[in-house]
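Next come the chains, spelled out residue by residue.
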Amino acid sequence: MSEEINFLQAARREKLESLAARGIEPFAYSYARTHTATGALALLDPNVEEGPTVCLAGRIVAWRGHGKTAFAHLADSSGRIQLYLRRDQLGDDQFALAELLDIGDVIGVAGPLFRTRTGETTVRADRLELLAKSLRPLPFGKEEVVDGVTVRHSGFADPEQRYRQRYADLAVNPEVRALFVARSRMTSAIRRFLDDLDYLEVETPVLQPLYGGAAARPFVTHHNALDMPLYLRIADELYLKRLIVGGFDRVYEIGHDFRNEGIDRTHNPEFTMLEFYEAYADYTVMMGIVERLITAAAEVVRQVPGFGGSVPDLPTPFRRVEWVPSLNAALGVDIMTADEPSIRRLARQHGVEHGDQLSHPKLLDDLFQALVESTIVEPTFVLDYPRALSPLAKPKRGNPELTERFELFAHGRELANAFSELNDPIDQRARFEAQARLRAAGDEEASGVDEDYLRAMEYGMPPMGGVGIGIDRLFMFLTGTANIRDAILFPTLRPE
RNA sequence: GACCCGGUAGCUCAGCCGGUAGAGCAUCGGACUUUUAAUCCGCAGGUCGUGGGUUCGAUCCCCACCCGGGUCACCA
């Protein structure tokens, strides 16, 4: 990426040369800091005017020059603190260095804490060290505090540039950093939750010779040495269940799935999926685990400073409704006995688009989405989906037309999908073959027959419950984030 | 994919009825030893997303394209 150097960058390069002329190395190797910014702020007793000496490192984010003195703010990952630089304190050489500093420079600073006339805890700098010269101006806005609220002026606002240059977005907007801290806390909490239940975290292939476990179009790549196509996984499911055959009773994986579909505010081509499987559990057991996992995740996000208010209340137990009765109630007919033409007529009436071209299962799913799913606000488990919608789920005990499956919805969004996993290899083969027929008929999202998976199942697969939770979506739900790009550090974009 | 909105200085934005551009901040120069959107004075900074068209003349009107945002559709 070559571009012309603008006059601001030129000015900084000139300063670099002035530094070199003074024998100052502009890119350091390390700095021994004693405190973080917030750690230092806590050191000055409210009743005293002078405190201990601290060594801090961070980025200059604000600068107010006054001739022979200057005030600056230094920011590190903990927060920001004011610096006071005086010529008589620093000496001529060090003050000359200070005059060659820019906003964005990474510096180390040492000096005693004191309180300014306006009461702000500040470092009176008596030694400065340049750690990294910033040759490209970061788009810092100016901040003021009005009635206790920080107002930022002319900051870094262009959404495209913020996604493309997330490093600049993070450097300039602390609240963006806080959001991703919250995300990290959430996934750690989920790991802790599952680890405490004796789940084993495992890693399964991202590059797969066959893709499956979900209905989606895959990314295809090619392995040169094997001279064969490989698919980026669309789900972890089939490999994790092979591990249950192998004797791991409880496994989970948090990793990226890849789906070759459109990009919009809830879809990124790669996204983070949690799947977990537990032998000898059925979907009712998994429902309880999901409820506890979601509330545990909500609790840690709630505790991250700044996010307490955004996390929705999740009173337990979550509401439970059954798929068929809730759709029937909304539709006014029995979906399981209604004939095909009248179902298609109802779909048209309720605004399901392209109803005539959809396969029967897809039609049912769209109807449910339009009439029931979209109306769910409080967290609700929807139970017992029709068999045709769930090729990897066990038939429901007492009603083989249905499967033992649930999805969790809240605010019209899907948060989890789970079932009593099908462990009958004869039935599984029949379902795979039905999928293969759909695929042969042109359904690009239908899977094929995975013979290796069937082999594993034929060895004897314990009954198990399994759950998938989209981590990005869950995080968006908990933080009130509307666009998935705001929940992913480096979202997929067209190249510049 | 459809529709709507946007792309002007490093950043945030203005630009009337078509007459080849402005502000604030930042930068640069000057003043300033407790400021905090520091203040004051001065200078500089532009391929107006790209390519065509209309016109004596286009940032402005028209067409196409690129990029982004939003809404909808698609996406178990």
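Computed from a prediction, not measured in an experiment: that's the story for all the values here.

J.: Got a minute to help me understand the sheet that holds strand E20 (residues 413–420) in this structure?
T.: Two modes of strand pairing occur in sheets, parallel and antiparallel, and in both the strands are linked by backbone hydrogen bonds. If you trace the eight strands from one edge of the open sheet to the other, you get E9-E13-E14-E21-E20-E19-E16-E15, paired in mixed fashion. Each edge of the open sheet carries a strand with a single partner, namely strand E9 (200–201) and strand E15 (319–322). Sheet topology places strand E14 (residues 270–279) next to strand E21 (residues 464–470); seven bridges connect them, and they run antiparallel. What sits directly across from Met273, in E21, is Gly470. Against the sheet, helix H8 (residues 237–246) contacts strand E13 (250–258), E14, E20 and E21, and its axis sits at roughly 25 degrees relative to E14.

J.: Just checking my understanding: could you explain unusual backbone geometry for this structure?
T.: Residues other than glycine predominantly adopt negative phi, and peptide bonds predominantly adopt the trans conformation. That bond from Thr316 to Pro317 is cis: its omega, -5 degrees, falls within 30 degrees of zero. Position of Pro317 relative to the elements: it lies in the loop between helix H9 (283–303) and E15. Located in the positive-phi region is Asp227, a residue other than glycine, with phi close to 45 degrees. As for its position among the elements, Asp227 is in the loop between strand E11 (220–223) and strand E12 (228–232).

J.: What exactly am I supposed to notice about the nonpolar core here?
T.: Within soluble globular proteins, side chains that are nonpolar generally end up buried alongside one another. Ile190, Leu274, Phe276 and Leu478 are the most contacted members of the largest nonpolar core, which has 48 residues in total. The element best represented in this core is H9, accounting for 11 residues. Apart from the residues lying within four places of it in its own chain, the contact partners of Leu478 are Met186, Ala297, Ala298, Val301, Ser310, Val311, Pro312 and Leu314. Grouped together as the second largest cluster of nonpolar side chains are 26 residues, Val54, Leu83, Phe95 and Ile107 included.

J.: Is there a simple way to explain the domain arrangement of chain A in this structure?
T.: The parts lose accessible area when they come together, and the size of an interface is often stated as this lost area. Each assigned domain of chain A is listed with its residue range as follows: domain 1 (3–132), domain 2 (143–172) and domain 3 (175–318 + 378–486). A C-alpha centroid distance of 35 Å is found between domain 2 and domain 3. Tallying the contact residues gives seven residues for domain 2 and seven residues for domain 3. Between domain 2 and domain 3 the total buried area reaches about 610 Å² when both faces are included, carbon and sulfur atoms providing 45% of it. Three residues, Tyr163, Arg166 and Leu170, lead the burial of domain 2 against domain 3; their summed loss comes to 71% of the area buried on that side. Inspection of the domain 2/domain 3 interface yields one salt bridge. Note that Arg152 and Glu175 form a salt bridge whose closest N and O atoms lie 3.1 Å from each other. Applying the counting criterion to the domain 2 and domain 3 interface returns four residue pairs in polar contact (both at pLDDT 80 or more). Elements supplying a minimum of two residues to the side of domain 2 that touches domain 3: helix H5 (159–164) and helix H6 (166–172). Considering every element that reaches the side of domain 2 that touches domain 3, the biggest residue donor is H6, with four residues.

J.: How do you make sense of the packing of aromatic side chains when you look at a structure like this?
T.: In this description, a pair of aromatic rings is defined by centroid distance and the angle of the planes. For the structure on display, the rule yields 10 aromatic pairs. Here the guanidinium or amino end of Arg124 rests over the ring plane of Phe114, the centre of that ring lying 4.2 Å away.

J.: Could you clarify how one ought to interpret helix H10 (residues 323–331) in this entry?
T.: Every α-helix winds through 3.6 residues per turn, so residues three or four apart in the chain are directed the same way. Within H10, the full set of buried residues consists of Trp323, Val324, Ser326, Leu327, Asn328 and Leu331. Where the residues of H10 are buried, they touch E15, helix H11 (340–349), helix H12 (360–371), strand E16 (380–383) and strand E18 (399–403). Gly332, located one to two residues past H10, shows a positive phi value of around 85 degrees.

J.: Please explain the pattern of salt bridges as it appears in this structure.
T.: When the charged atoms of two side chains lie near each other, side chains of opposite charge can form a pair. For the coordinates displayed, the defined rule picks out 37 salt bridges. The salt bridge involving Asp452 is made with Arg242; its shortest N-O contact spans 2.8 Å. Here Asp452 is found in helix H14 (residues 451–458), whereas its partner Arg242 is found in helix H8, with 210 residues between them in sequence. Residue classification places Asp452 among the partly exposed positions, given a relative accessible area of 34%.

Analysis parameters
- Residues numbered from 1 in each chain as written.
- Chains lettered and ligands numbered in written order.
- Predicted model: local features only at pLDDT ≥ 70, side-chain atom pairs only at ≥ 80, totals over all residues.
- Heavy atoms only, no water.
- Pairing = 2+ DSSP bridges.
- Helix = DSSP H or I, 4+ residues; strand = E, 2+ residues; numbered from the N terminus.
- Contact = heavy atoms within 4.5 Å.
- Axes fitted to C-alpha atoms, helices over the stretch in contact; angles between N-to-C directions.
- Core = buried A, V, L, I, M, F, W, Y, C linked by side-chain atoms within 4.5 Å.
- Buried < 20%, exposed > 50% of the residue type's maximum accessible area, 1.4 Å probe, protein only.
- Domains from an automatic or database assignment.
- Buried area = accessible area lost by both parts, 1.4 Å probe.
- Salt bridge = Lys/Arg side-chain N within 4 Å of Asp/Glu carboxyl O.
- Polar contact = N/O pair within 3.5 Å; in protein donor to acceptor, adjacent residues only side chain to side chain.
- Phe/Tyr/Trp six-rings, centres within 6.5 Å; stacked < 30°, edge-to-face > 60°.
- Lys NZ or Arg CZ within 6 Å of the ring centre and 35° of its normal.

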